[in-house]
Amino acid sequence: QVQLVESGGGLVQPGGSLRLSCAASGFTFSSYAMSWYQQAPGKERELVARVSNLGRRTDYADSVKGRFTISRDNAYNTVYLQMNSLKPEDTAVYYCNAKGVGSSSGTDYWGQGTQVTVSS
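Basis of the calculations
Residues numbered from 1 in each chain as written. Predicted model: local features only at pLDDT ≥ 70, side-chain atom pairs only at ≥ 80, totals over all residues. Heavy atoms only, no water. Helix = DSSP H or I, 4+ residues; strand = E, 2+ residues; numbered from the N terminus. Buried < 20%, exposed > 50% of the residue type's maximum accessible area, 1.4 Å probe, protein only. Core = buried A, V, L, I, M, F, W, Y, C linked by side-chain atoms within 4.5 Å. Contact = heavy atoms within 4.5 Å. Polar contact = N/O pair within 3.5 Å; in protein donor to acceptor, adjacent residues only side chain to side chain. Phe/Tyr/Trp six-rings, centres within 6.5 Å; stacked < 30°, edge-to-face > 60°. Lys NZ or Arg CZ within 6 Å of the ring centre and 35° of its normal. Salt bridge = Lys/Arg side-chain N within 4 Å of Asp/Glu carboxyl O.

A. Summary view of the overall build of the protein chain. Each helix and strand counted, the protein chain has zero helices and 11 strands in total. Taken from the N to the C terminus, the helices and strands of the protein chain come in the order β-β-β-β-β-β-β-β-β-β-β. By principal-axis analysis of the C-alpha atoms, the protein chain measures approximately 45 × 25 × 25 Å. Looking at the protein chain as a whole, 40% of its 120 residues are labelled buried.

Following this line, the structure appears as structure tokens:
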């Protein structure tokens with residue numbers, strides 16, 4: 001059974017930091033590129049950051065470059081999103097996504113989401 005379980009969300013003041021985690025199970029983690037998406041109320045889900053299946057490449061949305069860092073630990077089947085210098089506009093539900101590569105291409109999994117609220 002495939003599972004992506006996000007954790008680490010919460011309420012933080014502007015300028016603060018949070019670290020999101022996504023624990024994966026039920027599939028070969030190292031065969032999947034991992035991403036974090038955000039969805040604010042009334043808006044579409046948008047890509048925040050992506051890391052390749054072996055962690056060699058990362059990509060970021062312009063809005064988070066220099067503030068957020070995505071990383072993964074294939075030994076623990078976990079992907080992280082370190083969020084620094086948080087702004088009110090970062091408030092959203094954050095979703096973990098796994099997208100298969102190579103022989104696993106065509107498969108796509110989502111977590112249930114974790115709420116991040118940036119407010120004073």
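Text resumes after the structure shown.
B. A look at the nonpolar core. M34, W36, V79, L81, M83 and Y94 are the most contacted members of the largest nonpolar core, which totals 28 residues. Contributing elements (two or more residues each) for this core: β3 (18-25), β4 (32-39), β5 (46-51), β7 (68-73), β8 (78-83), β9 (92-100) and β11 (114-118). Not counting residues up to four positions away in its chain, the partners in contact with L81 are L18, R19, L20, W36, V48, A49, F68, T69, I70 and Y94.

C. Geometry of the environment of E44. Position of E44 relative to the elements: it lies in the loop between β4 and β5. Each C-alpha atom of the pair E44 and F68 lies 20 Å from the other, and the pair is 24 residues apart in sequence.

D. Quick peek at the side chain of D90. Here D90 is to be found in the loop between β8 and β9. By relative accessible area, D90 is classed as buried at 3%. In this structure the side chain of D90 is engaged in a polar contact, spanning 2.7 Å, whose partner is the backbone nitrogen of K87. Here D90 is in contact with Q38, R67, F68, S85, V116 and V118, once residues within four sequence places are set aside.

E. Structural view of the packing of aromatic side chains. Enumeration over the complete set of coordinates arrives at five aromatic pairs. Following the ring pairs from residue to residue traces out a cluster consisting of F27, F29, Y32 and Y109. Here the basic side chain of R19 rests over the ring of Y80, its NZ or CZ set 4.0 Å away from the ring centre. Sitting above the plane of the F29 ring, R72 keeps its charged end 4.3 Å from the centroid.

F. View of the pattern of salt bridges. With the rule as written, the count across this model stands at four salt bridges. In this structure, D90 and R67 form a salt bridge, with 2.8 Å as the shortest nitrogen-oxygen distance. Taken together, the residues span a long stretch of sequence, with D90 in the loop between β8 and β9 and R67 in the loop between β6 (58-60) and β7 at a distance of 23 residues. A single burial state applies to D90 and to R67, both of which are buried. D108 is the partner of K99 in a salt bridge, and the nearest nitrogen-oxygen pair spans 3.4 Å.

G. Local environment of unusual backbone geometry. Despite not being glycine, N77 shows a phi value in the positive range, around 50°. Residue classification places N77 among the partly exposed positions, given a relative accessible area of 26%. The backbone of S85 sits at a positive phi, close to 50°, despite the residue not being glycine. If you trace the backbone, S85 turns up in the loop between β8 and β9. According to the relative accessible area criterion, S85 is partly exposed, its value standing at 41%.

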